[in-house]
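Residues per chain, in single letters:
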Amino acid sequence: LFESNSIEVSCINPRGKFQLSMHQNGIILRNPKAEVLAVPSSSVAHAIVFRKPEDYRKVKQMKASSNEKPLPGHILLIRLE
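Residues numbered from 1 in each chain as written. Predicted model: local features only at pLDDT ≥ 70, side-chain atom pairs only at ≥ 80, totals over all residues. Heavy atoms only, no water.

J.: Please explain the overall build of the protein as it appears in this structure.
T.: When its secondary structure is counted, the protein shows one helix and six strands. Starting at the N terminus, the α and β elements of the protein follow one another as β-β-β-β-β-α-β. The buried share of the protein, taken over its 81 residues, is 25%. Sequence separation of 24 or more characterises 36% of the internal contacts of the protein that already satisfy a separation of 6 or more. Carbon and sulfur atoms form 54% of the exposed surface of the protein, whose accessible area is close to 6,200 Å². (Helix = DSSP H or I, 4+ residues; strand = E, 2+ residues; numbered from the N terminus. Buried < 20%, exposed > 50% of the residue type's maximum accessible area, 1.4 Å probe, protein only. Contact = heavy atoms within 4.5 Å. Areas by Shrake-Rupley, 256 points an atom, 1.4 Å probe, with all protein chains shown as cover.)

J.: Explanation requested: the pairing of strand S3 (residues 26-30) in the structure shown.
T.: Bridge count for strand S2 (residues 16-23) against S3 is five bridges, and the pairing is antiparallel. Paired with Gln-19 across the two strands is Arg-30, which belongs to S3. The hairpin formed by S2 and S3 contains two residues between the paired strands. Bridging between S3 and strand S4 (residues 36-40) involves five bridges; their strand directions are antiparallel. (Pairing = 2+ DSSP bridges.)

J.: Just checking my understanding: could you explain unusual backbone geometry for this structure?
T.: The phi torsion of most residues other than glycine is negative, and most of the peptide bonds are trans. For Ala-34, which is not glycine, the phi dihedral falls at a positive 70°. Assignment of secondary structure puts Ala-34 in the loop between S3 and S4. Using a relative accessible area of 65% as the deciding quantity, one classes Ala-34 as exposed.

J.: Would you take a moment to explain the layout of surface pockets for this structure?
T.: One way to see where empty space is left: roll a probe the size of a water molecule over the atoms. A volume near 310 Å³ is recorded for the largest pocket. Lining of the largest pocket is provided by 13 residues; of these, Cys-11, Ile-12, Asn-13, Leu-76 and Ile-78 occupy positions nearest its centre. For the lining of the largest pocket, the secondary-structure elements that each account for two or more residues are strand S1 (7-11), S4 and strand S6 (74-80). No other element matches S6, which puts five residues into the lining of the largest pocket. Partitioned by chemical class, the residues of the lining of the largest pocket number eleven nonpolar, two polar and no charged. (1 Å grid on protein atoms, 1.4 Å probe; cavity = no way out; pocket = protein on both sides within 12 Å on 5 of 7 lines; lining within 4 Å. Points joined across faces, edges and corners; volume = space filled by probe spheres on them. Nonpolar A, V, L, I, M, F, W, Y, C, P; charged D, E, K, R; others polar.)

J.: Just checking my understanding: could you explain the nonpolar core for this structure?
T.: What tends to happen in soluble globular proteins is that the nonpolar side chains get buried as a cluster. Counting eleven residues, the largest nonpolar core is built from Ile-7, Val-9, Cys-11, Phe-18, Leu-20, Met-22, Ile-27, Leu-29, Val-39, Val-44 and Leu-76. The set of elements that each furnish at least two residues to this core consists of S1, S2 and S3. Those residues in contact with Val-44 that lie beyond four places of it in its chain are Ile-27, Val-39, Ile-78, Arg-79 and Leu-80. (Core = buried A, V, L, I, M, F, W, Y, C linked by side-chain atoms within 4.5 Å.)

As structure tokens, then:
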């Protein structure tokens, strides 16, 4: 799904923003402090990525000006087994 790309996500536990990349072997989360959290795919029951609600408002406001891009930010819901 995201093997070559990463997306920025907000995490509750551990709290903070991370760059998330999904691979066949699992999910890797990296934060700006260079801390890495690896979740093996065998531990992940489901993963759902949501855009943050404030990003939807910004997109709606920016429709008039096509030059601006919405700020990145996602919320990831992971259910572990």
